[in-house]
Amino acid sequence: MTDSSGRRTVKARGDLFSPACPTRKLLDRIGTKWISMAVKVLAEEAGELRFSQMQRQMAGISQKMLSVTLQGMVRDGLVSRRVEPVVPPQVFYRLTPLGLSLEEPLAALREWAEAHMPEIDRANQRYTQEETPT
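Residues numbered from 1 in each chain as written. Predicted model: local features only at pLDDT ≥ 70, side-chain atom pairs only at ≥ 80, totals over all residues. Heavy atoms only, no water.

S.K.: An account of the overall build of the protein chain is needed here, citing residue identities and associated values.
M.R.: A tally of helices and strands in the protein chain yields five helices and three strands. In sequence order, the protein chain lays out its α and β elements as α-α-β-α-α-β-β-α. In the protein chain, which comprises 134 residues, the proportion classed as buried is 25%. Here the analysis covers contacts within the protein chain between residues at least 6 apart in sequence; of these, 40% occur between residues at least 24 apart. Carbon and sulfur atoms make up 56% of the accessible area of the protein chain, which amounts to about 10,000 Å² in all. (Helix = DSSP H or I, 4+ residues; strand = E, 2+ residues; numbered from the N terminus. Buried < 20%, exposed > 50% of the residue type's maximum accessible area, 1.4 Å probe, protein only. Contact = heavy atoms within 4.5 Å. Areas by Shrake-Rupley, 256 points an atom, 1.4 Å probe, with all protein chains shown as cover.)

So this is what it looks like as C-alpha cells:
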C-alpha cells in the first residue's frame, strides 16, 4: 500500500499487548475451550444442530454457559441461529463460512495440545515437586 506521496505504508493491525486492541479482545473470545468445542461440534455436523444436541455433545457445559457462548458466536458472525416458531421454540445453530474458517486453526491447536499433553503433564509434575517444601 502506498500513501499520496508514493511512499510505502504498512496498515496497522493492532497492538496485541494493549488491552484495548480489538485483535486481543477477539483472541480472548475465541480462545476459550467452549468456543473450540462448539466449533468442533458444529463443524462435524453437515447441517444444523439444536441447542440440546450441542449441550449433550459438549460434556461439562452448563445451559447458561452454552447460551452465552453461542450468543457471542452469533454476535461475532461465527454462527447463524434459526428459531422454529413452535411451542416450545426450537433453536438451531450452524457455522457460518467465517466460523467454518476457524475450524482449521482450532483443530491444529487441539492436535498440538493432544500431542504435547504428556510433556505438559511431566512439566507440571516437576514444577509441583520442585515447589513443594520438604
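From this point, things continue past the structure.
S.K.: Describe the packing of helix 2 (residues 33–44) against helix 4 (residues 63–75), naming the residues involved and giving the relevant values.
M.R.: Each pair of packed helices can be summarised by the angle the axes make with each other and by the distance between the axes. At their nearest, the axes of helix 2 and helix 4 sit 10 Å apart, and the two run at 75° to each other. As judged from the angle between their axes, helix 2 and helix 4 are roughly perpendicular. Contact residues: Trp34, Ile35, Ala38 and Val39 in helix 2; Met65, Thr69 and Met73 in helix 4. Its residues placed into classes, the contact of helix 2 with helix 4 shows six nonpolar, one polar and no charged. (Axes fitted to C-alpha atoms, helices over the stretch in contact; angles between N-to-C directions. Parallel < 35°, antiparallel > 145°, perpendicular 65-115°, else oblique. Nonpolar A, V, L, I, M, F, W, Y, C, P; charged D, E, K, R; others polar.)

S.K.: Could you give an account of the side chain of Thr69, with specific residues and numbers?
M.R.: Its place among the elements puts Thr69 in helix 4. Looking at Thr69, the relative accessible area reads 8%, which means it is buried. In this structure the side chain of Thr69 is engaged in a polar contact, spanning 2.8 Å, whose partner is the backbone oxygen of Met65. Contacts of Thr69, omitting those with residues within four sequence positions, involve Trp34, Ile35 and Ile61. (Polar contact = N/O pair within 3.5 Å; in protein donor to acceptor, adjacent residues only side chain to side chain.)

S.K.: Just give me the short version of the sheet that holds strand 2 (residues 79–84), but keep the residues and values in it.
M.R.: The sheet built from three strands is open, its strands ordered 1-3-2 with antiparallel pairing. Of all strands in the sheet, those bounded by a partner on one side alone are strand 1 (49–50) and strand 2. Note: strand 2 against strand 3 (residues 90–95), six bridges, orientation antiparallel. Within strand 3, the position partnered with Arg81 by the bridge is Tyr93. The strands that helix 2 touches are strand 1, strand 2 and strand 3; relative to strand 3, the one it contacts most, it runs at about 90°. (Pairing = 2+ DSSP bridges.)

S.K.: Summarise a nonpolar patch on the surface; cite the residues concerned and give the values.
M.R.: A surface patch of nonpolar side chains, amounting to about 390 Å² of accessible area, comprises Leu109, Trp112, Met117 and Ile120. Within the element layout of this structure, Leu109 appears in helix 5 (residues 97–131). (Patch = residues over 30% accessible without salt bridge, like charges linked within 9 Å, V, L, I, M, F, W, Y side chains within 5 Å. Salt bridge = Lys/Arg side-chain N within 4 Å of Asp/Glu carboxyl O.)

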